[in-house]
Amino acid sequence: MYAVGGLLGSMSVRCIAGRFGRKRAMIWNNVVSIVAAVIMFTSRGANSFEMILIARFLFGFTAGLGGNIHAIYLGESSPKKIRGMVTLTSATFISIGKLSGQFFGLREILGREDSWNILLCVSTCFSVVQLLTLPFFPEAPRYLLIENGNAEACKKALQSLWGRGEYKLEMTEMVLEQASIKGETSKSLLELLRDRSVRWQLITMVVVYGCIQFSGITAISVFSFDIFKEAGIPLDKIRYVTLGVGVSEVLTSITCGLLIESVGRRALLWGGFGAMSTIMILITITLNLKDYSFWIPYSTVGLIFLFVIFYGGGPAGVLPSLTHEIFIQSCRPAAFVFTGILRWLGFAVLGLVFPFLIELLKSVSFVLFACMCLLASFYIFFYLPETKGKTLLEISEEFKNITLCENPLSDDKTLETRL
């Protein structure tokens, strides 16, 4: 139900963000999250599993909607020179959210039978903080100028977020992007899929998001207990090992934020996927040799830590920035709908399939994950252009110049291309 809610929340991004704006949409999203927490908290007293299902659905909906709108808001509010670092913070706080869940889920805190309904409401603390602080933030500047045509409100928002200044160059870039879409409203998902000028961007999202979902990270996050049990770790130590994995992901995400503007998105992506592929092969080997020596299960744990580190420092950290940068304003909401569908469908499918996969194939299932990581690494290395320090129109132009067998995938010539 959580995955179904997340899928529907992602699909509603374009409609809700376009109608209410980025800021108001996030405020109302947190109201829904608080309502979900009330339903979850009272479900135990009411002895109602239906209330649990409704609450999990609403929590998933707020995660799917809020996560995407948050990333859009960050991208539309950040200066070009630190755009990657700012949008990456969404991945950092997702990692912190997962770590918080792991921490409060310890038996010494809330991981007991008599407090499960309180544990499943922990995320609402973050919703309350957002509900109290978001009214003091301005609307996203790019949204105000490009979609609403309000230059004065855009300037005030820029000054509120970035400090005093005229910001003529930044506003000129927004006006050029506004001209490139020729007054179009934001595209629907169907219109986006039919637009040949963004074909390479869509292919990139399918490859990267698909490979992330089947890279093994979801399996490690959701089924870490089963994986560590398969590796031979004592049952009473597994929850602490899982907590350590969460800490390493947070620290790596912060480190990635310090590197993304100097190293660039492309190198972090293909290098991260390449390292993840190698580590998955090594995990397969150690799982098969776990009975030969006492230290081999612990080497498996070390490899899983390394896998999470390369994931947090590569694909997880770069993806929010990349998703924002490769689509212009009119395509972006529909693009987040598209990537949301890919993410949540992959999450749901893997959640259903992986328990049977690891039961049937045991450690060999990790070879499949290694192949997916290798595929993503090759695609990014040979096809994905660098987006660091470029305007959205320049990035769009680079995607139009990608060739497959010396022939461009699209020969459309638009005002955006000429600009």
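Above this text you will find the structure in question.
Note that this is a predicted model, so its numbers are computed, not measured.

Colleague: Describe in detail unusual backbone geometry, supporting the description with residues and values.
Modeller: Its identity is not glycine, yet N47 carries a phi of approximately 55°, on the positive side. Mapping N47 onto the fold places it in the loop between α2 (13–46) and α3 (49–77).

Colleague: Explain the pattern of salt bridges to me, using residue names and the numbers behind them.
Modeller: All chains considered together, the criterion is met by 14 salt bridges. The partner of R112 in a salt bridge is D114, with the nearest N and O atoms 3.5 Å apart. Two residues, E261 and R265, come together in a salt bridge whose shortest N-O distance is 3.2 Å. Residue E261 is classed as buried on the basis of its relative accessible area of 18%. Taken together, the shared-partner salt bridges connect R22, E76, E147 and R332 into one network.

Colleague: Could you give an account of the packing of aromatic side chains, with specific residues and numbers?
Modeller: This model, assessed by the stated rule, comprises 9 aromatic pairs. Seen from their ring centres, F103 and F104 are 5.5 Å apart, and the 75° between their planes marks the pair as edge-to-face. Assessed through its relative accessible area of 40%, F103 is described here as partly exposed. Measuring from centroid to centroid gives 5.1 Å for W270 and F381, while their planes differ by 80°, and the two rings are edge-to-face. Of this pair, W270 sits in helix α15 (residues 265–288) while F381 sits in helix α19 (residues 365–383), placing them 111 residues apart in sequence. Take W270: its relative accessible area is 32%, and that puts it in the partly exposed class.

Colleague: Explain a nonpolar patch on the surface to me, using residue names and the numbers behind them.
Modeller: On the surface, W270, L374, F378, F381 and F382 cluster together into a nonpolar patch covering about 500 Å² of accessible area. If you tally residues by element for the nonpolar patch, the top one is α19, at 4 residues. Among the residues examined, F381 registers a relative accessible area of 38% and is labelled partly exposed.

Colleague: How would you summarise the environment of S115 if you had to cite specific residues and measurements?
Modeller: Among the secondary structure elements, S115 is positioned in the loop between α4 (83–104) and α5 (116–119). Residue S115 is classed as buried on the basis of its relative accessible area of 4%. Each C-alpha atom of the pair S115 and T62 lies 23 Å from the other, and the pair is 53 residues apart in sequence.

Definitions and limits used
Residues numbered from 1 in each chain as written. Predicted model: local features only at pLDDT ≥ 70, side-chain atom pairs only at ≥ 80, totals over all residues. Heavy atoms only, no water. Helix = DSSP H or I, 4+ residues; strand = E, 2+ residues; numbered from the N terminus. Salt bridge = Lys/Arg side-chain N within 4 Å of Asp/Glu carboxyl O. Buried < 20%, exposed > 50% of the residue type's maximum accessible area, 1.4 Å probe, protein only. Phe/Tyr/Trp six-rings, centres within 6.5 Å; stacked < 30°, edge-to-face > 60°. Patch = residues over 30% accessible without salt bridge, like charges linked within 9 Å, V, L, I, M, F, W, Y side chains within 5 Å. Areas by Shrake-Rupley, 256 points an atom, 1.4 Å probe, with all protein chains shown as cover.

Everything listed here is a matter of coordinates, which is why it stays silent on function.
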